[in-house]
Amino acid sequence: ILHTIVFHRALGLVRPKDVDSELFDITYVQCGDAELEKKIEEKIDQFIAWVEKHPNKKSQICLSFFEIKNKQATWFSNKIERSYWEHWYIYMNVVPSKSHTGKSHHAKARKDSLEVAEERTARRASLETSLREVLFQIVRFVDEKKDHIPSVPSLEGVSFPYEITFPSASDSSFGMDMIKRMLQTGHPTML
């Protein structure tokens with residue numbers, strides 16, 4: 001999802017790179033910039049580590065695009081200010097797979113194992129369908145919503161400046177950070 005959003009908000013000419021999902025029968029596009037892809041993958045790995053430490057919790061990732069504005073320096077502020085112009089909130093509820101518990105009766109165990117496999121297959125198909133729908137929603141949204149995008153800055157990078165955030169060790173600070181940003185930059189654009 002993150003790669004798709006960044007690709008559709010890329011600057012200038014990019015070399016699209018088709019990527020086949022490892023888990024689903026879905027192909028998505030990346031910008032073809034190794035450094036950008038590495039940064040996104042690092043954030044995804046950090047998020048996965050967070051999810052593993054906080055199982056059964058709803059979570060979100062926020063991809064925010066901004067432009068950098070130079071302000072006149074004062075005693076209490078920096079010269080540089082981030083002006084956020086788009087936020088993408090990706091909400092997830094990660095549910096661990098059901099593990100098979102030991103049964104004393106083999107026929108019952110085989111039946112339970114078959115039911116678990118069927119349930120896993122159905123869940124996977126449902127998730128693949130949901131992911132495909134989200135990717136199409138992203139494409140429709142970025143095609144329709146363009147008026148808020150600022151003028152293209154210097155072409156130093158492939159992408160507008162962006163940041164990817166997710167809950168840290170203290171969940172409350174993430175929520176307060178999001179509220180603070182919304183107050184500073186106005187109503188966020190959401191999918």
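Within every chain, residues take consecutive numbers counted from 1 along the sequence as written. Since the coordinates come from a predicted model, pLDDT governs what is reported: local features require at least 70, and pairs of side-chain atoms require 80 or more to be given and counted, while whole-chain, interface and lining totals use all residues. Calculation of side-chain values draws on the structure's entire complement of heavy atoms; hydrogens and water are dropped beforehand.

**What about the sheet that holds strand E5 (residues 162-165)?**
Two strands make a pair as long as DSSP finds a minimum of two bridges between them. Under the scheme used here, helices are H or I runs from DSSP no shorter than 4 residues and strands are E runs no shorter than 2 residues, and both carry numbers assigned from the N terminus. With antiparallel pairing, the 3 strands of this open sheet are ordered in space as E4-E3-E5. Only two strands of the sheet have a single neighbouring strand rather than two, namely strand E4 (80-93) and E5. Direction aside, the axes of adjacent strands within the sheet are offset by 20 degrees on average. Any two residues whose heavy atoms approach within 4.5 Å at even a single point are treated as in contact. What counts as an axis is a line fitted to C-alpha atoms, over the stretch in contact for a helix, and the angles between N-to-C directions run from 0 to 180 degrees. Here helix H2 (residues 34-53) sits on the sheet and contacts strand E3 (58-70), E4 and E5; the angle it forms with E5, its principal contact strand, is near 15 degrees.

**A closer look at the packing of aromatic side chains**
Aromatic pairing here means that ring centres of Phe, Tyr or Trp (its six-membered ring) are within 6.5 Å. Orientation follows from the plane angle: under 30 degrees is stacked, over 60 is edge-to-face, and everything else is tilted. Using the criterion set out here, one finds 7 aromatic pairs in the structure. Between Phe47 and Trp50 the ring centres are 6.4 Å apart and the planes differ by 20 degrees, which places this aromatic pair in the stacked class. Taken together, the residues span about one helical turn, with Phe47 and Trp50 both in helix H2 at a distance of 3 residues. Partly exposed residues are those whose accessible area sits between 20% and 50% of the maximum for their type, while under 20% is buried and over 50% is exposed, using a 1.4 Å probe and protein chains only. Judged by its relative accessible area of 6%, Phe47 falls in the buried class. Residue class for Trp50 comes out buried when judged on its relative accessible area of 7%. Summarising the aromatic geometry, the rings of Phe47 and Phe166 are spaced 5.7 Å apart at their centres and angled 75 degrees between planes, so their arrangement reads as edge-to-face. Here Phe47, found in helix H2, pairs with Phe166, found in the loop between E5 and helix H4 (171-185); they are 119 residues apart in sequence, far enough to count as distant. Accessibility assignment for this pair places Phe47 and Phe166 in one class, buried. In textbook terms, an aromatic cluster arises when at least three aromatic residues are bridged by ring pairs, as seen for Phe47, Trp50 and Phe166.

**Concerning the nonpolar core**
Looking at soluble globular proteins, one finds that nonpolar side chains tend to be buried together. Definition used in this section: a nonpolar core is a set of buried Ala, Val, Leu, Ile, Met, Phe, Trp, Tyr and Cys residues joined via side-chain atoms within 4.5 Å. The biggest cluster of nonpolar side chains holds 27 residues, and the ones touching the most others in it are Leu63, Phe65 and Trp88. Elements supplying a minimum of two residues to this core: helix H1 (2-8), H2, E3, E4, helix H3 (106-144) and E5. Ranked by residues supplied to this core, first place goes to H2 with 5 residues.

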